[in-house]
Amino acid sequence: MKSLRAPPRLEPRRTGNALIVAAMLLSLCILSLIKARYCSAPYAKLRSLAEIESIEVPESAAAKSWGAALPEDEDDEGDVATPPKIVAEETVTVISKPICSETSKRSNVCRAEGDARLRGSSRTIFLHPSLTDREWKIKPYCRKHDGPAMKNIEEWTLKPLASNEPPPRCTVHHKVPALVFSIGGFTGNLFHDFTDVIVPLFISSYQFHGEVQFVVSENKPWWVSKFISILNQLSNYDIIDADDDDPDAVRCFPRVIVGLSFHKELGVDPSKTATGYCMVEFKAMLRKAYGLERPTAAPWADQRDAKRKPRLLIISRRKTRAFLNERGMADMAMSLGFDVRVSEPDNTTDLAKFARLVNSADVMIGVHGAGLTNMVFLPAGAVLIQVVPMGGLDWVARDTFKKPSSDMQLKYMDYHIKADESSLSDQYPKNHPVLKDPDSIQKQGWYTTSKIYLENQNVKPHLRRLRNTLLEALRHLPHGRKEA
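You'll find the chain entered in an unreviewed UniProt entry as (wild Malaysian banana) hypothetical protein, with Musa acuminata subsp. malaccensis given as the organism. Recorded under Pathway (unreviewed entry), the UniProt text for the chain is reproduced unchanged: "Glycan metabolism." Among the UniProt annotations of the chain, the heading Subcellular location (unreviewed entry) holds the following wording: "Golgi apparatus membrane".

A. Structural detail: the overall build of the chain. Counting its secondary structure elements, the chain contains 18 helices and 15 strands. For the chain, restricting intrachain contacts to residue pairs at least 6 apart in sequence, the fraction spanning at least 24 positions comes to 76%. Carbon and sulfur atoms make up 54% of the accessible area of the chain, which totals about 25,600 Å².

B. The arrangement of the packing of helix 12 (residues 326-335) against helix 18 (residues 463-476) in detail. Two elements in contact, helix 12 and helix 18, have axes separated by 10 Å at closest approach and are oriented at 45°. Taken as axis vectors, helix 12 and helix 18 run oblique relative to one another. In terms of crossing hand, the pair formed by helix 12 and helix 18 is right-handed. Contacts from Gly328, Met329, Met332 and Ala333 of helix 12 reach helix 18 at Leu463, Leu466, Arg467 and Leu470.

C. Representation of the nonpolar core within the structure. Counting 62 residues, the largest nonpolar core has Phe194, Phe282, Tyr290 and Phe377 as the members making the most contacts within it. With nine residues, the top contributor of residues to this core is helix 7 (residues 190-205). Built from parts of two domains, this core gets at least three residues from each of domain 1 (96-279) and domain 2 (311-476). Counting 26 residues, the second largest nonpolar core, distinct from the first, contains Val340, Ile365, Val387 and Leu474.

D. Highlighting the sheet that holds strand 14 (residues 383-388). Ordered in space as 12-11-13-14-15, the five strands form an open sheet in which the pairing is parallel. The strands lining the two open edges of the sheet, one partner per strand, are strand 12 (339-343) and strand 15 (411-416). Strand-to-strand twist across the sheet, computed as the mean angle between neighbouring axes with direction ignored, equals 20°. Pairing of strand 13 (residues 363-367) with strand 14, which is carried by five bridges, proceeds in the parallel orientation. Note that in strand 14 the partner of Val363 across the bridge is Val383.

E. Region of the structure containing empty space enclosed by the protein. Taken as a whole and assessed by the stated rule, the structure comprises one cavity of 30 Å³ or more. Together, Lys283, Leu286, Arg287, Leu292, Arg294, Pro295, Asn359, Val376, Phe377, Leu378 and Pro379 line the largest cavity. When residues of the lining of the largest cavity are assigned to their parent elements, the largest contribution, three residues, is made by helix 10 (residues 279-290). Its residues assigned to classes, the lining of the largest cavity comprises seven nonpolar, one polar and three charged.

F. The arrangement of the layout of surface pockets in detail. Within this model, the second largest pocket holds a volume of roughly 1,200 Å³. Along the walls of the second largest pocket sit 37 residues, with Asn189, Phe191, Arg321, Gly369 and Ala370 positioned nearest its centre. Listed by contribution, the elements that provide at least two residues to the lining of the second largest pocket are helix 7, helix 13 (351-359), helix 14 (394-407) and helix 17 (446-453). For the lining of the second largest pocket, the leading source of residues is helix 14, giving five residues. Its residues assigned to classes, the lining of the second largest pocket comprises 12 nonpolar, 13 polar and 12 charged.

G. Representation of the environment of Tyr277 within the structure. Secondary-structure assignment places Tyr277 in the loop between strand 10 (251-258) and helix 10. Taking the relative accessible area as the measure of exposure, Tyr277 reaches 2% and is therefore buried. When the C-alpha atoms of Tyr277 and Gln207 are compared, they prove to be 8.6 Å apart, with 70 residues separating the residues in sequence. Not counting the four nearest positions on each side in its chain, Tyr277 is found in contact with Phe202, Ile203, Tyr206, Gln207, Val268 and Pro270. Reaching out from Tyr277, the side chain makes a polar contact with the backbone oxygen of Ile203 at a distance of 2.6 Å.

H. Just helix 7, in detail. Maximal helix bending in helix 7 amounts to about 30°, located at Ile198; proline Pro200 follows within four positions. Counting buried residues in helix 7 gives 16 out of 16 residues, a clear majority hidden from the surface. Its side-chain oxygen 3.0 Å from the backbone nitrogen of Phe191, Asn189 forms the N-cap of helix 7.

I. A look at the state of the cysteines. For the structure shown, the criterion picks out two disulfides. Covalently, Cys100 is tied to Cys110 through a disulfide, its sulfur atoms 1.9 Å apart. Because the torsion about its S-S bond is 110°, the bridge between Cys100 and Cys110 counts as right-handed. Taken together, the positions of Cys100 in strand 1 (residues 100-102) and Cys110 in strand 2 (residues 108-119) put the pair 10 residues apart, joining distant regions of the chain. Summarising the burial analysis for this pair, Cys100 and Cys110 share the class buried. Two residues share a disulfide in this structure: Cys170 and Cys252, whose sulfurs sit 1.8 Å from each other.

Rules and cut-offs
Residues numbered from 1 in each chain as written. Predicted model: local features only at pLDDT ≥ 70, side-chain atom pairs only at ≥ 80, totals over all residues. Heavy atoms only, no water. UniProt positions renumbered as here; feature names shortened; annotations may be inferred. Helix = DSSP H or I, 4+ residues; strand = E, 2+ residues; numbered from the N terminus. Contact = heavy atoms within 4.5 Å. Areas by Shrake-Rupley, 256 points an atom, 1.4 Å probe, with all protein chains shown as cover. Axes fitted to C-alpha atoms, helices over the stretch in contact; angles between N-to-C directions. Parallel < 35°, antiparallel > 145°, perpendicular 65-115°, else oblique. Left-handed = near helix turned anticlockwise from the far one by under 90°. Core = buried A, V, L, I, M, F, W, Y, C linked by side-chain atoms within 4.5 Å. Buried < 20%, exposed > 50% of the residue type's maximum accessible area, 1.4 Å probe, protein only. Domains from an automatic or database assignment. Pairing = 2+ DSSP bridges. 1 Å grid on protein atoms, 1.4 Å probe; cavity = no way out; pocket = protein on both sides within 12 Å on 5 of 7 lines; lining within 4 Å. Points joined across faces, edges and corners; volume = space filled by probe spheres on them. Nonpolar A, V, L, I, M, F, W, Y, C, P; charged D, E, K, R; others polar. Polar contact = N/O pair within 3.5 Å; in protein donor to acceptor, adjacent residues only side chain to side chain. Bend = angle between axes of the 7 residues up to and from the residue. Disulfide = S-S within 2.5 Å.

Structure representation (structure tokens):
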């Protein structure tokens, strides 16, 4: 009985196994067809890119032009044979890599290394297709968040060379990198001259030790003339004015940087610089540019200078935020033993001459404003006193001059104007919000705040209270002049 039942159970088992084998063979055939159809497509696309590159630049020339752009570890592996598949994948990676980036909330920078062809008249830079496969646009001025400042800054375009057209012919060959930036925006105000252009220019160019070519747009010849001593410290070459360049000129560079890096107001973050340089090197550069003799506020070895009185420089203003009792301030300071100088810098001031005056000071005092930017010329160990107008402007005073002072190795002090020291007390009733509740005015926006507290206010510090501030400043001087 058992032997008769056995065959019916074995027959379905064999049939099932046959079906499984047939299904597996069918699956393998389908997968092979899919692989043959789809997996070869990317390599066909990569071959066409290689053909484009061979048309644009001979293989030997391409290796010479673009080899410097590779990271060091890739250069080290240059003699190692690489399978074609891996080379193709690396080519795609280079093409898709962004060449422009945000270096801070205030600045964008574009960088490219290779055969860059710059046409200043059209604000265009042509790049080899191996560097980028798309256009990039940038306004090279460090206030990208500020609409009014950027309104008149023209865009520069970085674009790949067309594969089916010959590249524009080089009319001038440069052996050093190009650094492209604008001197439009708010330049003409000393604070913005330094925080928007000169300090970022130092950050971006100091690493080249003069071997960099400046290309400027929105050029102001008077501005270049004013700061030429600084510009000559950072570049060994005459500035190229993109606005006035020959329309047919195509300048070829081995490397191009468009835009300046911004770190902070009047400051350098050494952790973000190429070799760790900071404001100490910036101030040393300024001393060399203008022949400033005092690196520190300590007296010189000359015994005659040791007997010199400490010098107080009062930054004067005439149009707004003026000292109404400037003469009384000077007389009181002289009674404390200061050698007092009073000066009002403006756009016509000889910057080299004024820099030497500031560098001779031990203490500098002024109402909040662009004139305090001259703190960059003070010797290390000097004291900066910022007179802060009333109106809840502490945050402005802090960000513009207080914070930068420590990196410049200066002792910072401030003197806050009270209502009875402000000319606003003569313009408004005692209980008016302008005097009693400045916060309510600030809530109306920056335009209203600046109009009232910056553009329509003069100050008259109480001499007795100011005297205490100056005595404290004397105690902070590194040579500790106790005779005052």
